[in-house]
Every structure is written in C-alpha cells, then in structure tokens.
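# Report on the structure
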Amino acid sequence: MKNDGLSCHKPELLSGNEPFYGGGERSLNLLDYWRWSGSNLLDNTTRGILAEFLVAAALGLHKRPRREWGGYDLCMESGTTIEVKSSAYVQSWEQKEYFPINFTIAPCFWSWDPETGESVGGEVRRRWADIYVFCVFTSKKPPFDPLDTDTWDFYVLPTEALNRKLPEQKTIRLSSLKKLSPRKCCYADLKETISDVECRIKRRP
C-alpha cells in the first residue's frame, strides 16, 4: 500500500533556530549543524552547492529548498531547466600548483524526478537540462572568499551545444568550453545572460 505521507513531503526553508530534541543534548540547534557541515566553502562539495545557490539566487529561485538527485539542478518559472557545474583553481587541501578548471558533463540514461519519486529514461544517454551554467571561482591568492561574488565567472551554454559537439564526452576543461562560445558574465549580469540564452533556445525551430 502506498504511503501518502512519504510521497507528498514538501520541504520548507528552515530558519536555523530549530532545536534538536529528544533524550540527551538539549543545547544544539540546526544552525550549529549548518556551521559544522558547511563552513569550509573551498571544499569541492560545499563550493558546488554554493555555486548552485548563487545561480538560484540570481534567478530568484533561492526561496525554496534545494532538491537532490534530480536530472537537473534548477527549474525556472518558465519551465527551462538548468544544470550548474563548479570548479576552482584552489582547493581546500594543500597544493603545489593550481588545479585545472574541469567540469563533469557526462550524459546518463536515467533521471529522477524529486517531485514524483519516479525515474525516467531509456536506452539512450542524454543530458537532462536545457542550459548549463559553468561557475569558476577565480581567486588564486589569499584571501580565498567564495562569498565575494566578484571572484566568480559564469559561462552559460545551451545543452544543445554540448550535445552537438561533445555528445558522449564526460568532462570538459575551461579551454575546450570556451571553444563552444558560451556566454561569459559576472554575477551581476547572470540573470540577464541566462534569460538571453533561454530566448535563443526558444527561437530555434
């Protein structure tokens, strides 16, 4: 029998003041957990989520919780879907040279819809978003502060360009990405740039 309570759970934005409860420790709240788990903004995973947040905020999509494991990261009000990728020259560990800017772009057979809990797909690998936004944290010298939006570059590319030129490729370096003529912009221009690329997609037959 289907459990409707599980299938219809809708996450809401939390404040951080929510306490842990139950037996034992009574002094912890959700903000303590957020600080513990997310303070290292140079960590690959945390930086990637931060980049996704910046794109969501630029589009006004940050007032609903992030969803994991979907076939794309963001969905605009128009229905256009976006995949966000992040890379940086510096990492959270000691390094002797700058890290090469590299992004994953691998197509896959299946996508999962977090709204329905259903998998969709078939026998053909594909990329499930309409647009890719490649985010580069550009700082090469301390202080390394990903909260400074001026330290980020954004490259916006229709997925169709990846499919046409690199249909099976799993990763792409920045130098190769630039050959596909993405729209490069700063954070202040990100919303307008994404909208322009979206309009270009919709004009195509």
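Figured I'd write up the structure that's included with this text. Because the structure is a prediction, the values reported are computed rather than measured.

About the thresholds
Residues numbered from 1 in each chain as written. Predicted model: local features only at pLDDT ≥ 70, side-chain atom pairs only at ≥ 80, totals over all residues. Heavy atoms only, no water. Helix = DSSP H or I, 4+ residues; strand = E, 2+ residues; numbered from the N terminus. Buried < 20%, exposed > 50% of the residue type's maximum accessible area, 1.4 Å probe, protein only. Areas by Shrake-Rupley, 256 points an atom, 1.4 Å probe, with all protein chains shown as cover. Salt bridge = Lys/Arg side-chain N within 4 Å of Asp/Glu carboxyl O. Polar contact = N/O pair within 3.5 Å; in protein donor to acceptor, adjacent residues only side chain to side chain. Contact = heavy atoms within 4.5 Å. Core = buried A, V, L, I, M, F, W, Y, C linked by side-chain atoms within 4.5 Å.

The subject of this paragraph is the overall build of the protein chain. Along the backbone of the protein chain there are 6 helices and 9 strands. Looking at the protein chain as a whole, 34% of its 205 residues are labelled buried. When the accessible surface of the protein chain is totalled, it reaches about 13,300 Å², and 52% of it is carbon and sulfur.

Once that is clear, we can look at the pattern of salt bridges. Inspection of every chain in the model, using the stated rule, returns 8 salt bridges. Between Arg66 and Glu52 there is a salt bridge whose closest N-O contact spans 3.1 Å. Placement of Arg66 in the loop between helix H3 (44-58) and strand E1 (74-75) and of Glu52 in helix H3 is noted, with a sequence separation of 14 residues between them. Relative accessible area serves as the criterion here: at 5%, Glu52 is assigned to the buried category. Between Asp153 and Lys184 there is a salt bridge whose closest N-O contact spans 3.8 Å. Within this pair, whereas Asp153 is found in strand E7 (residues 152-158), its partner Lys184 is found in strand E9 (residues 183-185), the two being separated by 31 residues in sequence. Exposure remark for Asp153: the relative accessible area of 21% places this residue in the partly exposed category. Exposure remark for Lys184: the relative accessible area of 52% places this residue in the exposed category.

Among the structural elements, Thr193 can be located in helix H6 (residues 190-203). In this structure the side chain of Thr193 is engaged in a polar contact, spanning 2.8 Å, whose partner is the backbone oxygen of Asp189. Setting aside anything within four residues of it in sequence, one finds Thr193 in contact with Val156, Arg183 and Cys185.

The next thing to look at is the nonpolar core. Burial of nonpolar side chains together is a common tendency in soluble globular proteins. Val55, Ile82, Val133, Phe154, Leu190 and Ile194 are the most contacted members of the largest nonpolar core, which totals 27 residues. Counting only elements with at least two residues in this core, the list comes to H3, strand E2 (81-88), strand E6 (131-137), E7 and H6. A per-element tally of this core places H3 first, with 6 residues. Those residues within four positions of Val55 in sequence are excluded, and the remaining contacts are Leu74, Val84, Val133, Cys135, Phe154, Leu190 and Ile194.

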